[in-house]
Amino acid sequence: MNRDLYIDFAKGMATLSIIFIHTAFWSGQFYIPAEVRVFSLVFDVALFYALSGITSGSNIEKTFYRLLKLQITYMIFVTVLFFLDYFFKVFGLSFFSLEWLQKFYSTFGSRYAATGISGYPQWQNLGNWYLHQYTNADTFPVVMGSFWYLKVYFILAVFGVLILRFFPKHIHWFIALCIGLTLLFNIFPEYYPSGQVGYVAFYLAVFLIANRMKGKKIPSKMIPVLYSLVAIALIWMFWYYGSDVFYKINKNKFPPKIPYIIWTLFSLTTLFVLYNRLKITKESFVTYIGKNAIFFYFAQGISSSLVYFMVVVLQEHMPWWLLMILIYGINVILAFIIASGLKRIDTSGWKILEFFRKKTAAG
């Protein structure tokens with residue numbers, strides 16, 4: 001079966017969008033206008049859950065094996081991150097002048113908490129990361145700020161494959177249940193559960209709707225209808241919540257509330273409209289990113305943290321828009337380099353695990 005390059009292309013574009021979002025909302029918080037930061041959320045993380053729904057099936061064993069591989073890859077990555085964070089705090093800070101560090105922490109102190117540096121690694125942090133308790137990595141704060149997606153994905157993938165396997169004829173009822181719970185949590189916010197339950201209710205609906213779209217094509221005559229409904233929803237949002245809701249979109253993302261959900265409709269509609277309509281026939285830089293999306297997702301957390309150090313030097317010497325373009329370009333390049341390195345480390349890690357497996361099997 002030929003690989004659908006549109007899926008790789010969409011994943012690649014979504015990953016590039018995530019890199020831009022994290023450029024705008026982290027290091028860009030002090031120089032990029034709020035309007036630009038909000039518009040960066042147009043193509044956001046909901047696309048990944050939709051793409052997962054399109055590519056997922058009802059094979060439980062295959063899904064659980066894929067999740068196990070992802071967990072091991074994740075554990076390899078956070079182990080590397082743990083030592084990078086420790087060695088940077090112990091040795092890296094000595095390369096910067098006191099004046100530079102004071103300027104850095106006065107600007108980005110709210111994001112960087114690396115002040116008390118102990119003489120030994122905080123091993124409990126590594127254990128917490130293995131168990132998806134995302135305590136901060138001081139030197140690379142964007143990494144743990146990104147990982148909420150991963151925990152929700154694990155939960156969603158398990159629920160999703162169980163529904164697809166055991167209730168294939170009743171998926172529409174589960175979609176209705178998820179939408180109903182999302183509305184209930186929003187209409188009665190006092191009942192909005194803590195943790196990831198509210199996240200899963202919305203994103204599982206996206207996952208299941210996308211799964212129902214697998215192999216289908218939206219009729220051309222429906223396209224203007226769908227975009228009109230999106231426009232009506234946006235108009236209603238600004239009428240009901242007021243124009244200030246525009247600046248609160250990101251706040252309504254954690255957990256996903258009605259304004260953010262409406263904000264995602266344009267990107268989700270565009271994804272489904274182009275699915276089986278936009279033909280991607282050749283490999284490209286974007287499809288390469290899509291094929292290796294998980295490594296780029298890990299890498300962008302590191303690269304989006306590293307660009308802080310460049311922003312503090314450059315922000316006083318050029319217009320914000322030029323600095324934004326420059327930092328975003330550097331962020332993408334760094335993410336590409338780091339992702340390539342992580343992929344090699346992951347391959348080596350799996351080889352080591354396979355070596356021990358053969359040794360223990362032989363014994």
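**Overview of the confidence of the model for the protein chain**
Moving on, step 1. Confidence in the prediction for the protein chain averages 88 pLDDT; 90% of positions are at 70 or higher.
Moving on, step 2. Confidence over residues 113–117 falls short of pLDDT 50; this stretch has seven contacts with residues more than four positions distant or in other chains.

**Some details on the layout of surface pockets**
Moving on, step 1. Empty space within the largest pocket amounts to approximately 1500 Å³.
Moving on, step 2. Taken together, 35 residues make up the lining of the largest pocket; nearest its centre are Arg 3, Lys 11, Thr 55, Arg 66 and Tyr 153.
Moving on, step 3. Of all the secondary structure elements, the ones that give two or more residues to the lining of the largest pocket are helix H1 (5–25), helix H3 (46–55), helix H4 (60–91), helix H8 (148–166), helix H13 (285–291), helix H14 (293–314) and helix H15 (320–362).
Moving on, step 4. Among the elements that line the lining of the largest pocket, the one with the most residues is H4, at six residues.
Moving on, step 5. Taken as a whole, the second largest pocket spans an internal volume of roughly 540 Å³.

**Description of a nonpolar patch on the surface**
Moving on, step 1. Side chains of Ile 179, Leu 183, Leu 184, Ile 187, Phe 188, Tyr 191 and Ile 209 sit close together on the surface and give an oily, nonpolar patch of about 640 Å² of accessible area.
Moving on, step 2. Looking at the nonpolar patch element by element, the count peaks at four residues for helix H9 (residues 171–187).
Moving on, step 3. You can see Tyr 191 is positioned in the loop between H9 and helix H10 (197–212).

**A closer look at the side chain of Lys 253**
Moving on, step 1. Structurally, the position occupied by Lys 253 is in the loop between helix H11 (223–241) and helix H12 (258–274).
Moving on, step 2. For Lys 253, a relative accessible area of 5% corresponds to the buried category.
Moving on, step 3. If we skip the residues at most four places from it in the chain, Lys 253 touches Leu 41, Asp 44, Val 45, Trp 148, Tyr 199 and Tyr 260.

**Regarding H14**
Moving on, step 1. The end-to-end C-alpha separation of H14 is 30 Å, in line with the 32 Å expected for 22 residues at 1.5 Å each.
Moving on, step 2. Taken as a whole, H14 carries its principal kink of about 25 degrees at Ala 299.

**Quick word on the packing of H11 against H12**
A pair of packed helices can be characterised by two numbers: the angle between their axes and the separation between those axes.
Moving on, step 1. Relative orientation of the contacting elements H11 and H12 amounts to 165 degrees, with a least axis distance of 10 Å. Of the possible angle classes, the one that applies to H11 and H12 is roughly antiparallel. Our pair here, H11 against H12, has a crossing hand that is left-handed. The segment H11 lies against H12, with Ile 223, Leu 226, Tyr 227, Val 230, Ala 233, Leu 234, Trp 236, Met 237, Phe 238 and Tyr 241 engaging Ile 258, Pro 259, Ile 262, Trp 263, Leu 265, Phe 266, Thr 269, Thr 270 and Val 273.
Moving on, step 2. Along the lines of polarity and charge, the residues of the contact of H11 with H12 split into 17 nonpolar, two polar and no charged.

**Structural notes on the packing of H3 against H10**
Moving on, step 1. Contact geometry for H3 and H10: axes closest at 7 Å, N-to-C directions at 40 degrees. One way to sum up the angle between H3 and H10 is to call them oblique. When you trace H3 past H10, the crossing you get is right-handed. The segment H3 lies against H10, with Ala 46, Tyr 49, Ala 50, Ser 52, Gly 53 and Ile 54 engaging Tyr 203, Val 206, Phe 207, Ala 210 and Asn 211.
Moving on, step 2. Of the residues assigned to the contact of H3 with H10, the class counts are eight nonpolar, three polar and no charged.

**Observations concerning the environment of Thr 63**
Moving on, step 1. Within the fold, Thr 63 resides in helix H4.
Moving on, step 2. The spatial distance from the C-alpha of Thr 63 to the C-alpha of Gly 160 is 9.8 Å, given a sequence separation of 97 residues.
Moving on, step 3. Apart from the residues within four sequence positions on either side, Thr 63 is in contact with Gly 57, Ala 157 and Val 161.
Moving on, step 4. At 2.9 Å, the side chain of Thr 63 forms a polar contact with the backbone oxygen of Asn 59.

**A closer look at the environment of Thr 15**
Moving on, step 1. Note on placement: Thr 15 falls in helix H1.
Moving on, step 2. With 68 residues separating them in the primary sequence, Thr 15 and Phe 83 have C-alpha atoms 26 Å apart.
Moving on, step 3. When sequence neighbours within four positions are dropped, the list of residues in contact with Thr 15 reads Phe 48, Ile 289, Ala 293 and Phe 296.

**What about a positive patch on the surface?**
Moving on, step 1. Together, Lys 62, Arg 66, Arg 212, Lys 214 and Lys 216 line one region of the surface with positive charge.
Moving on, step 2. The topology assignment puts Arg 66 in helix H4.
Moving on, step 3. Given a relative accessible area of 33%, Arg 66 falls into the partly exposed group.

Definitions and cut-offs
- Residues numbered from 1 in each chain as written.
- Predicted model: local features only at pLDDT ≥ 70, side-chain atom pairs only at ≥ 80, totals over all residues.
- Heavy atoms only, no water.
- pLDDT = per-residue confidence, 0-100.
- Contact = heavy atoms within 4.5 Å.
- 1 Å grid on protein atoms, 1.4 Å probe; cavity = no way out; pocket = protein on both sides within 12 Å on 5 of 7 lines; lining within 4 Å.
- Points joined across faces, edges and corners; volume = space filled by probe spheres on them.
- Helix = DSSP H or I, 4+ residues; strand = E, 2+ residues; numbered from the N terminus.
- Patch = residues over 30% accessible without salt bridge, like charges linked within 9 Å, V, L, I, M, F, W, Y side chains within 5 Å.
- Areas by Shrake-Rupley, 256 points an atom, 1.4 Å probe, with all protein chains shown as cover.
- Salt bridge = Lys/Arg side-chain N within 4 Å of Asp/Glu carboxyl O.
- Buried < 20%, exposed > 50% of the residue type's maximum accessible area, 1.4 Å probe, protein only.
- Expected span 1.5 Å × (residues − 1).
- Bend = angle between axes of the 7 residues up to and from the residue.
- Axes fitted to C-alpha atoms, helices over the stretch in contact; angles between N-to-C directions.
- Parallel < 35°, antiparallel > 145°, perpendicular 65-115°, else oblique.
- Left-handed = near helix turned anticlockwise from the far one by under 90°.
- Nonpolar A, V, L, I, M, F, W, Y, C, P; charged D, E, K, R; others polar.
- Polar contact = N/O pair within 3.5 Å; in protein donor to acceptor, adjacent residues only side chain to side chain.
- Lys, Arg positive; Asp, Glu negative; His and termini not counted.
- Charge placed at Lys NZ, Arg CZ, Asp CG, Glu CD.

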